[in-house]
Amino acid sequence: MADARPFHWEFTPPPVPREIFRVEGGRPLHGRVAVSGSKNAALKLLAAATLTGERCRLTNVPEIEDVRVMAETLRDLGVVVDHPAANVYEIASGDVDWLFVPLEAAAKMRASFILLGPLLARFGRVIISNPGGDRIGRRPVDLHVDAMRALGASIDYRNGYYFATAPGRLRGGEVRFPFVSVMGTENAMLAATLAEGHTVIRPAAQEPEVDDLIGFLQAMGAAVKRTQPDTIEVEGRKRLRGADHRVVPDRIETGTFVIAAAVTGGRITLKGAPCDHLGAFLETMGLIGVGVTCGSDTIEVDGSALHDGGFRACDIETAPYPGLATDLQPPTAVLLSQANGVSRIHETIFEDRLEWLSEVRRMGASVEVLDPHHATITGPSTLVGTEVEIGDLRAGASLILAALAAQGTTTIHGAHHVHRGYENIERKFLDLGASISRTAEGQ
Ligand code: EPZ
């Protein structure tokens, strides 16, 4: 499978209207907030709907920018995408006439690459741009390409685009990953549902969003199941049918609000937030001293330990599910800045998901980034409002948390990053008693 290692295609997406958040910190959060559907499930479910020409209906879809980008990308392909009500999408991929996923979509959102598997499996050919997305590391897609080749596809790479074809039909086979890849697993699984024969994928990602996708595929008539914790097996089908599906709650948004209550010393109730997808995270919260009580689909958070200096330093290490989610590492880092003692962070998944800590340091946190994978945080530090800049989605949400905990006013530039992945985030914080506003840059 020798092919020149794809150079990392840099595309400057069209300018997004720049917005800022203004946050008045120091106010404990109180009240109830509902958790939205998962971004990282919804984007793949939308792509999976292209595996059939029949209508699919998705509910509890978060109203976020990345979903709008995915819907537009599908429409550009000729897919009928209706948005009949808030949080509801209906998709019908009859005659998809133009199998070209353009640079603009890919540059805005890495997840556009999840279209490779379903479009290749259903239509036998696709041209798709090398993706962009968050600035948290090189994030190549070589594992996705290798997986398609293992299923019989031929893929060339030229000038920033992958040209993929599946002569006849994809054929089932053994997809072996050198390490866990969430979207690599999902792309391989989507492609295998229409391939000829049996496919075994391992190590398969175990994230809850992957299982949500499996549930949808099974409702579509796909013969796919998790036969071992880290193994997914698929018996290809000639065609799939339309199905309805409700998107699983967003565990990353849930964890973000747990920490919002903790760093402001507040007490909140999260609705529609099952604890069972947050095992490692809630264990970490317990070690730090955040009070968390799980109901059937609620989480009660008590952050009052903040006021008597009761948060304890804690070493954290990210890992593929069921380990501590890398997407919850930035919010947890903000909490650790308020804990007593020295905490060590080991970010094992991405190579520069610690860079953003320099912004928290500017607010007064005592942070030392040792290398692209390791940092230490010494607390408790008094955070003071200032001007900060968001670089990526999860860092953006975490800077809001730091601003909520800080004394005074924080101006956060790059608010559009946050709206890629958090539905109505300022409204939700306002409902919990925060002082936060969003305005266009320069106003
Ligand atoms: C998914 O990204 C999520 N995104 C990420 O959430 C999440 O952080 C990540 O999984 C890990 O949990 C979506 O689901 C849309 P990976 P993904 O493939 O699938 C390397 C957010 O903010 N790798 O599991 O792209 C990669 O560089 C985002 O919602 C290759 O080397 O992540 C990373 O080091 C951020 N080659 C590691 O594998 C490949 O072909 C794990 O990445 C693919 C990945």
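Just above, that's the structure.
Residues numbered from 1 in each chain as written. Predicted model: local features only at pLDDT ≥ 70, side-chain atom pairs only at ≥ 80, totals over all residues. Heavy atoms only, no water.

Student: Which residues make up the packing of aromatic side chains, and what are the values?
Tutor: Under the defined criterion, the tally for this structure stands at four aromatic pairs. Ring centres of phenylalanine 100 and tyrosine 161 lie 5.3 Å apart, and the angle between their planes is 25°; on these two criteria the pair is classed as stacked. Separated by 61 residues along the polypeptide, phenylalanine 100 in strand β6 (residues 100-101) and tyrosine 161 in strand β9 (residues 161-165) bring together distant segments of the chain. Ring geometry for tyrosine 157 versus tyrosine 162: centroids 4.4 Å apart, planes at 50°, classification tilted. One exposure class covers both tyrosine 157 and tyrosine 162, and it is buried. An aromatic cluster is built from Phe113, Tyr157 and Tyr162, whose rings are joined through pairwise contacts. Stacked on the ring of phenylalanine 163, the Lys or Arg arginine 158 has its end atom at 4.0 Å from the ring centre. (Phe/Tyr/Trp six-rings, centres within 6.5 Å; stacked < 30°, edge-to-face > 60°. Helix = DSSP H or I, 4+ residues; strand = E, 2+ residues; numbered from the N terminus. Buried < 20%, exposed > 50% of the residue type's maximum accessible area, 1.4 Å probe, protein only. Lys NZ or Arg CZ within 6 Å of the ring centre and 35° of its normal.)

Student: How would you sum up the packing of helix α1 (residues 39-48) against helix α2 (residues 65-76)? Please name residues and give values.
Tutor: Direction vectors running N to C along α1 and α2 enclose 5°, while the axes themselves pass 10 Å from each other. If you check the angle between α1 and α2, you find them roughly parallel. When α1 is examined against α2, the residues Lys39, Ala42, Leu43 and Leu46 are found in contact with a partner set consisting of Asp66, Val67, Met70 and Leu74. (Axes fitted to C-alpha atoms, helices over the stretch in contact; angles between N-to-C directions. Parallel < 35°, antiparallel > 145°, perpendicular 65-115°, else oblique. Contact = heavy atoms within 4.5 Å.)

Student: Mind laying out the site of the ligand, listing which residues take part and the relevant values?
Tutor: Near the ligand lie 25 residues; those nearest to it are Arg110, Asp142, Ser181, Asp327 and Ile349. Contact distances for the ligand include 2.7 Å between an oxygen atom and a side-chain N or O atom of lysine 44. A distance of 2.7 Å is found between a nitrogen atom of the ligand and a side-chain nitrogen or oxygen belonging to aspartate 142. Protein chains shield 91% of the accessible area of the ligand, which is 820 Å² for the free molecule. Elements represented by at least two residues in the shell around the ligand include exactly α1, α5 (142-150), α6 (182-192) and α12 (393-405). Here the residues of the shell around the ligand sort into 12 nonpolar, four polar and nine charged. (Near = heavy atom within 4 Å. Polar contact = N/O pair within 3.5 Å; in protein donor to acceptor, adjacent residues only side chain to side chain. Areas by Shrake-Rupley, 256 points an atom, 1.4 Å probe, with all protein chains shown as cover. Nonpolar A, V, L, I, M, F, W, Y, C, P; charged D, E, K, R; others polar.)

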